[in-house]
Amino acid sequence: MNISDLVKNQKAAFSQGILRTHEDRTRCLKLLRDLVSENEEALCNAVAQDFGKPYVEAFATEIYTLLHEIDFHLKHLAKWMKPESVSGSIAVFPSKSVIYNRPFGTVLVIGAWNYPIHLALMPVIGALSAGNTVILKPSELATHTSALLAKLTDHYFESRVFKVVEGAVDETRELLSQPFDKIFFTGSTRVGKIVMKAAAEQLIPVNLELGGKSPTIVHHDANLDVSAKRIWWGKTINAGQTCVAPDFVLIHESVKEQFIEKSKEVLNTFFKNDYVTGSNYCRIINEDHFDRLKGLLESSNVIFGGSTNRETLFIEPAIIDAKWDDPIMQEEIFGPLLPVLSYKNESEIVEQLTARPAPLALYLFTEKQELQHLILERVPFGGGCFNETVTHLGNPHLPFGGVGSSGMGSYHGKYSFETFTRKQGVLKKPIWPDPDLKYPPYDESKIKWLKKWLV
Ligand code: NAD
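Note that the structure is a prediction, hence the values are computed from the model and not measured.

Rules used in this analysis
Throughout, a residue's number is its position along its own chain's written sequence, starting from 1. It should be noted that, the model being predicted, local features are given only for residues of pLDDT at least 70 and side-chain atom pairs only at 80 or more, the latter also being counted only at that level, while totals for whole chains, interfaces and linings use all residues. Excluding hydrogens and water, the side-chain figures rest on all heavy atoms present in the structure. Put simply, a nonpolar core is a bunch of buried Ala, Val, Leu, Ile, Met, Phe, Trp, Tyr and Cys residues held in one set by side-chain atoms that sit within 4.5 Å of each other. Burial classification: accessible surface area is computed with a 1.4 Å probe over protein chains only, and a residue below 20% of its type maximum counts as buried, one above 50% as exposed, and the rest as partly exposed. We count a stretch as a helix when DSSP gives it H or I for four or more residues in a row; a strand needs E for two or more, and each element gets its number in order from the N terminus. The start and end points of each domain follow an automatic or database-based domain assignment. Contacts are residue-level and defined by heavy atoms, with any inter-residue pair within 4.5 Å sufficient. Here, a strand pair is defined by DSSP locating no fewer than two bridges between the strands. Helix axes are fitted only over the stretch in contact, all axes being lines through C-alpha atoms; the angle between N-to-C directions runs from 0 to 180 degrees. A pairing counts as a salt bridge when a side-chain nitrogen of Lys or Arg comes within 4 Å of a carboxyl oxygen of Asp or Glu. Polar contacts, as counted here, are pairs of nitrogen or oxygen atoms within 3.5 Å of one another; within protein the pair requires one atom able to donate a hydrogen and one able to accept it, and residues that are adjacent in sequence qualify only if both atoms are side-chain atoms. Three classes are used: nonpolar for Ala, Val, Leu, Ile, Met, Phe, Trp, Tyr, Cys and Pro, charged for Asp, Glu, Lys and Arg, and polar for all others, with Gly counted as polar. Here a residue is considered near a molecule or strand provided that any single heavy atom belonging to it is located within 4 Å of it. All accessibility values rest on the Shrake-Rupley procedure with a 1.4 Å probe; residue burial counts only the protein chains present in the view.

**Here we look at the nonpolar core**
Turning to step 1, where the next piece is worked out: In this structure, Leu 32, Leu 121, Phe 162 and Leu 337 are the most contacted members of the largest nonpolar core, which totals 116 residues.
Turning to step 2, where the next piece is worked out: Counting residues per element, this core draws most heavily on helix α4 (residues 55-81), at 9 residues.
Turning to step 3, where the next piece is worked out: Residue assignment places this core across two domains, with domain 1 (3-210 + 406-424) and domain 2 (215-401) each supplying three or more.
Turning to step 4, where the next piece is worked out: Dropping the residues within four chain positions of it, Phe 162 is found in contact with Gln 10, Leu 32, Leu 121, Val 124, Val 134, Leu 136, Thr 153 and Phe 157.
Turning to step 5, where the next piece is worked out: Judged by nonpolar contacts, the second largest core, of 19 residues, contains Leu 6, Val 7, Ile 110 and Ile 135.

**Re the sheet that holds strand β10 (residues 301-305)**
Turning to step 1, where the next piece is worked out: Spatial strand order, β10-β13-β14-β9-β8-β15-β16: 7 strands in an open sheet with mixed pairing. The open sheet terminates on both sides in strands that have one partner only, identified here as β10 and β16 (383-386). The mean inter-strand angle of the sheet, taken between neighbouring strand axes irrespective of direction, is 20°.
Turning to step 2, where the next piece is worked out: Strands β8 (215-218), β15 (361-365) and β16 of the sheet are contacted by helix α13 (residues 369-378), whose axis makes an angle of about 165° with β15.

**Comments concerning the pattern of salt bridges**
Turning to step 1, where the next piece is worked out: Applying the stated criterion to the full structure yields 18 salt bridges.
Turning to step 2, where the next piece is worked out: Across the pair Arg 27 and Asp 24 runs a salt bridge whose closest N-O atoms are separated by 3.4 Å. Here Arg 27 and its partner Asp 24 are both found in helix α2 (residues 22-38), 3 residues apart, which amounts to about one turn of the helix.
Turning to step 3, where the next piece is worked out: The partly exposed category is assigned to Arg 27, whose relative accessible area is 45%.

**Topic: the domain arrangement of the chain**
Turning to step 1, where the next piece is worked out: Taken domain by domain, the chain comprises domain 1 (3-210 + 406-424) and domain 2 (215-401).
Turning to step 2, where the next piece is worked out: Inter-centroid distance (C-alpha atoms) of domain 1 to domain 2 is 30 Å.
Turning to step 3, where the next piece is worked out: Taken together, domain 1 and domain 2 are joined by 0 salt bridges.
Turning to step 4, where the next piece is worked out: Our count for the contact surface shared by domain 1 and domain 2 stands at 10 residue pairs in polar contact (both at pLDDT 80 or more).
Turning to step 5, where the next piece is worked out: When residues of the side of domain 1 that touches domain 2 are traced back to their parent elements, those giving at least two are α3 (40-51), α4 and α14 (413-419).
Turning to step 6, where the next piece is worked out: No other element matches the 4 residues that α4 contributes to the side of domain 1 that touches domain 2.
Turning to step 7, where the next piece is worked out: Looking at the side of domain 1 that touches domain 2 residue by residue, the classes come out as 9 nonpolar, 8 polar and 6 charged.

**Regarding unusual backbone geometry**
Turning to step 1, where the next piece is worked out: In this structure, the amide linkage connecting Phe 93 to the following residue, Pro 94, adopts the cis form with an omega of -5°.
Turning to step 2, where the next piece is worked out: Here Pro 94 shows up in the loop between β1 (84-86) and β2 (96-103).
Turning to step 3, where the next piece is worked out: Cis geometry marks the peptide bond from Pro 440 to Pro 441, where omega comes out at 0°.
Turning to step 4, where the next piece is worked out: Relative to the helices and strands, Pro 441 resides in the loop between β18 (421-428) and α15 (444-454).
Turning to step 5, where the next piece is worked out: Phi is positive for Leu 313, close to 55°, though the residue is something other than glycine.
Turning to step 6, where the next piece is worked out: Relative to the assigned elements, Leu 313 resides in the loop between β11 (308-309) and β12 (314-315).
Turning to step 7, where the next piece is worked out: Residue classification places Leu 313 among the buried residues on the basis of a relative accessible area of 15%.

**Quick look at the site of the ligand**
Turning to step 1, where the next piece is worked out: Around the ligand sit 25 residues in total, of which Lys 137, Glu 140, Ser 188, Leu 210 and Glu 332 are the nearest.
Turning to step 2, where the next piece is worked out: The backbone of Gly 187 places a nitrogen or oxygen atom 3.1 Å from an oxygen atom of the ligand.
Turning to step 3, where the next piece is worked out: Protein chains shield 92% of the accessible area of the ligand, which is 840 Å² for the free molecule.
Turning to step 4, where the next piece is worked out: Broken down by secondary-structure element, the contributors of at least two residues to the shell around the ligand are α7 (169-176), β6 (182-186) and α8 (189-201).
Turning to step 5, where the next piece is worked out: Inspection of the shell around the ligand shows a minimum of three residues originating in each of domain 1 (3-210 + 406-424) and domain 2 (215-401).

The structure is reproduced here in structure tokens:
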């Protein structure tokens, strides 16, 4: 079936109320759960084929997160779907006011390659739970995963409810010309702009989950043993190809050298210089990204690690001594290279970070409440952690999304349901009483009464 017919079929199914009830949506969420859990091994193997992702990482970040999210939706969906009665006001007395949670209709989800199962299906959970039919376009760069998702979706779902369309730029362009009711995009800021422009042509609402340079601030009071471990864990999962990976470290000058020494110890403990088997550490997704990262390495002051092998698309984690105007500080790194910069005083942190685009994530290692407060109040960022990296994504009670050039809108848990739901406000009025006050002809006495009651 061509893309246009697919969208028409889904729209017809939506109009017929295919996902109207709690039972319909629960059935779909359970099907999605079966799709993921019954094919755990095949899915993890597909990601391993795409970029050598270790099974433990694939299970923890692609499979478990989805199952956890689906269970969260199954548990709370009935409550989320309920209409909400709200207060009236004197202007509409007597009446009842109700907010209904309505699905948008047929939605398009476009995924990125770096967590190719998670980023494809996580928004789909919210879309189905909110009662939308869904077309998913996974990233063509994770070839095996995209093909498997298409095959499994055909096996578990009717195409009028949920269908995968595979493809690259041409197919995405064609999809973007269709009359979707909502678009949810995960990917780069560059392509996010293309998606938003296309959506604007048809006034389609969008969610943009984009990237950026996520700073990791380490203050002089931080526990450096724990900080170094948590920072390098966040940097080396997926070989740094994580939208919320610590992009760079901004550390108090008095502890910079110590942090670098701790970092070397941590990397030696994590990987014992054994990157060959790929059982602990991913490969880079393709030659283009490998060459881009190699270029960044070559223009940087590498003080540890950073060996590479183009044939196996391997890049060893690297510690880089950096300055703000180095090439590596001008773009999102999206790889296992960690620039370390230093600051002298706290106002410098605010000054430097607010002079740059707002990041998707920010991490701050300190116990100092005043500094935590200062960063929260003065530096815009999508979300983040104190004394930890990356794991804010794992809590479905927290919204996840960017700000400014790192994105718009948020999802996960209830926020996913809300992202794919539009609020419909309805006022219900009894036939009686029906005073003449608001109807023409208007006269002096009416304005007097109106002022008396309303003002
Ligand atoms: P990308 O923007 O290159 O691709 C994302 C999607 O857009 C893919 O499905 C691709 O097929 C499509 N696409 C690519 N070029 C297109 C074009 N010209 N027109 C229409 N569609 C096009 O991103 P990527 O390389 O897959 O992912 C890496 C980026 O995504 C990084 O910037 C990263 O930070 C960001 N990211 C963000 C999140 C998040 O949740 N905020 C998660 C993962 C990745």
